[in-house]
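# Working through the structure, step by step
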Amino acid sequence: MQKKYLLKLSFLFFVFFVSFGVFAQKSVYAGIEIGSKGIKISVIEVNNIKKGDYDILAYWTENVGIAKGISIDGNLAEEDINNAGAVVFANLTKIKSKYNVPDEFIYIVASSGVALAHNTQALSDKIKTLTNKELDFINAEAEGKMLLKGSIPSTDYQDAIVLDIGGGNTKGGYVDVLNDNKFEFFPLKLDYGTITLTEAINKTIVIPREMNDMGVYKEKSFEFAPLLRDKIKEMLKTKPQSLQKKKIYLSGGAIWAFTTLYYNENNEDHFVPLTMQDIIDYDAILKNNFVKYENLAKTSKEADKVINTYSQKHLISANNILIACLESIPNLKSKKIYFAKEGQIAWLVSYVVDRSKKIKNNF
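Cut-offs used in this document
Residues numbered from 1 in each chain as written. Predicted model: local features only at pLDDT ≥ 70, side-chain atom pairs only at ≥ 80, totals over all residues. Heavy atoms only, no water. Helix = DSSP H or I, 4+ residues; strand = E, 2+ residues; numbered from the N terminus. Contact = heavy atoms within 4.5 Å. Areas by Shrake-Rupley, 256 points an atom, 1.4 Å probe, with all protein chains shown as cover. Expected span 1.5 Å × (residues − 1). Buried < 20%, exposed > 50% of the residue type's maximum accessible area, 1.4 Å probe, protein only. Polar contact = N/O pair within 3.5 Å; in protein donor to acceptor, adjacent residues only side chain to side chain. Axes fitted to C-alpha atoms, helices over the stretch in contact; angles between N-to-C directions. Parallel < 35°, antiparallel > 145°, perpendicular 65-115°, else oblique. Left-handed = near helix turned anticlockwise from the far one by under 90°. Pairing = 2+ DSSP bridges. Salt bridge = Lys/Arg side-chain N within 4 Å of Asp/Glu carboxyl O. pLDDT = per-residue confidence, 0-100. Phe/Tyr/Trp six-rings, centres within 6.5 Å; stacked < 30°, edge-to-face > 60°. Lys NZ or Arg CZ within 6 Å of the ring centre and 35° of its normal.

Our focus in this paragraph is the overall build of the protein. When helices and strands are tallied, the protein shows 13 helices and 11 strands. Within the protein, counting contacts between residues at least 6 apart in sequence, those at least 24 apart form 71% of the total. Carbon together with sulfur atoms contributes 49% to the accessible area of the protein, which is approximately 16400 Å² in total.

Below, the structure is given as structure tokens:
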């Protein structure tokens, strides 16, 4: 019931589509997203698109990273491509057999972080060979737009910015109303995410015996911070209106990890309020007392998921991006910061619904 309520809340934006028809009957759709850090599967039942009435029948993630090679030589590793293909095929089979989803109602996409690779055609060919389906790569602008539609209440569209820290990159944006009363989306994109930043920092460690030395990694991470901040300031400078928004909605694995480990509570609210001080305190624990979270993982299933998904290096990199983004926004104390819990799947659900009925957006 909670997921159904959250989904309806997240998709209030569909009131903008009143000029379009509605589904005559319930239909089940599925989406498989190949992300930088994992493969996400979502199965939804559409009841009435005009009213934003959907049920999430199932959602799960396969912990299969594919973007590590991008920061090494710009390419997806052949082994990672083969692993991703096998996982996609297995889950496609599962979707068809367990949820009876017709093949034409199943969509396979790759996130904007994966799309950064030079050899995306190799991944497309692998998916085509295994599934006989085309792989659609979503660019950062489209991904950010879908994320915004699915993560921010429609009443906050004009007064909010959304940022998603993914494995391969960070993306998001905001909307403004133009003179003709139409929404226009302004994208934001940073070519660093949890995995790619970690690998960029690892490349600065030239002595092999120091590669697994956490002290060295933290030192190199600190030295890399000015470059990261400059890149983020450059991103925000291109869209100065983003700095005037009063609400900041955050999503992605980095924020999920933070809220799970730091708060360690079952918060059922769709939008979880965050404070900069909590994020800074969490950062100190990551770098100086990580054993606290390793011990927490022994008694908390959710914390265990985080620790099994991200290494200490990954968590440090993720939080470095988060802190640098927030510190680059002026008058932060006067703004409200939220974790949009369903943001991780919102853009994918939006994509599935959009493609299933070919609905066009108003912005």
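What follows deals with helix 5 (residues 140-151). The end-to-end C-alpha distance of helix 5, which contains 12 residues, comes to 16 Å, matching closely the 16 Å that a straight helix rising 1.5 Å per residue would cover. For helix 5, the tally of buried residues reaches nine of 12 residues, placing the bulk of the element in the interior. With a side-chain oxygen positioned 3.2 Å from the backbone nitrogen of Glu141, the residue opening helix 5 is Asn139.

Here we take up the packing of helix 8 (residues 253-263) against helix 11 (residues 301-309). Direction vectors running N to C along helix 8 and helix 11 enclose 135°, while the axes themselves pass 9 Å from each other. With respect to their mutual orientation, helix 8 and helix 11 come out oblique. When you trace helix 8 past helix 11, the crossing you get is left-handed. For the pair helix 8 and helix 11, the contacting residues are Trp256, Ala257, Thr260 and Leu261 in the first and Glu302, Ala303, Lys305, Val306 and Thr309 in the second.

Counting buried positions along strand 7 (residues 170-177) gives seven out of eight residues, so the element sits mostly inside the fold. Note: strand 6 (residues 160-165) against strand 7, four bridges, orientation antiparallel. Bridge pairing in strand 7 links Asp164 to Lys171. The loop that links strand 6 with its antiparallel partner strand 7 comprises four residues. Note that strand 7 and strand 8 (residues 183-190) share eight bridges and pair antiparallel. Bridge pairing in strand 8 links Val175 to Phe185.

Before going further, it helps to spend a moment on helix 8. Helix 8 sits mainly inside the fold: nine of its 11 residues count as buried. Among all positions of helix 8, only Gly253, Ala254, Ile255, Trp256, Ala257, Phe258, Thr259, Thr260 and Leu261 are buried.

Look at Asn132: it is not a glycine, yet its phi comes out positive at around 60°. If you trace the backbone, Asn132 turns up in the loop between helix 4 (120-131) and strand 5 (136-137). Take Asn132: its relative accessible area is 60%, and that puts it in the exposed class.

With that settled, consider the pattern of salt bridges. The full count for this structure, using the stated rule, is 12 salt bridges. Between Asp176 and Lys245 there is a salt bridge, with the nearest N and O atoms lying 2.7 Å from each other. One end of the pair, Asp176, is in strand 7; the other, Lys245, is in the loop between helix 7 (214-237) and strand 9 (247-251), and 69 residues separate them in sequence. Summarising the burial analysis for this pair, Asp176 and Lys245 share the class buried. The closest approach of N and O atoms between Asp191 and Lys189, which form a salt bridge, is 2.2 Å. For Asp191, a relative accessible area of 46% gives the class partly exposed. Residue classification places Lys189 among the partly exposed residues on the basis of a relative accessible area of 36%.

Across the protein, the average pLDDT comes to 84, with 85% of residues at 70 or higher. Within the model, the stretch residues 1-24 combines pLDDT values under 50 with 57 contacts to residues more than four positions away or in other chains.

Pairing within the open sheet is mixed, and its six strands lie in the order 8-7-6-9-11-10. Each of the sheet's edge strands pairs with one partner strand only, and the pair in question is strand 8 and strand 10 (271-274). Each strand of the sheet is rotated relative to its neighbour by a mean of 25°, with strand direction disregarded. Bridging between strand 10 and strand 11 (residues 336-340) involves four bridges; their strand directions are antiparallel. Each bridged residue has a counterpart across the sheet, and for Leu274 the counterpart in strand 11 is Ile337. Against the sheet, helix 8 touches strand 6, strand 9, strand 10 and strand 11, its axis set at about 75° to strand 10. Contacting strand 6, strand 7, strand 8, strand 9 and strand 11, helix 12 (residues 312-327) crosses the sheet at an angle of about 160° to strand 6.

The next point concerns the environment of Asp304. Here Asp304 shows up in helix 11. Judged by relative accessible area, which is 31%, Asp304 ranks as partly exposed. Along the backbone, Asp304 and Glu294 are 10 residues apart, and their C-alpha atoms lie at a distance of 8.0 Å.

For the rest of this paragraph, the subject is the side chain of Ser111. Structurally, Ser111 is set in the loop between strand 4 (106-110) and helix 4. For Ser111, the contacting residues outside a window of four places in its chain are Glu33, Ile34, Gly35, Ser36, Ile138 and Glu143.

On to the packing of aromatic side chains. All told, the structure shown has 13 aromatic pairs when counted by the stated rule. Residues Tyr249 and Tyr338 carry aromatic rings whose centres are separated by 5.2 Å and whose planes lie at 25° to one another, so their mutual orientation is stacked. Within this pair, whereas Tyr249 is found in strand 9, its partner Tyr338 is found in strand 11, the two being separated by 89 residues in sequence. Overall, Tyr249 belongs to the buried group, its relative accessible area being 3%. Ring centres of Trp256 and Tyr310 lie 6.4 Å apart, and the angle between their planes is 55°; this geometry places the pair in the tilted category. Pair noted here: Trp256 is in helix 8 and Tyr310 is in the loop between helix 11 and helix 12, with a separation of 54 residues, a long-range link. We note Lys94 situated over the ring of Trp60; from NZ or CZ to the ring centre the distance is 4.2 Å.

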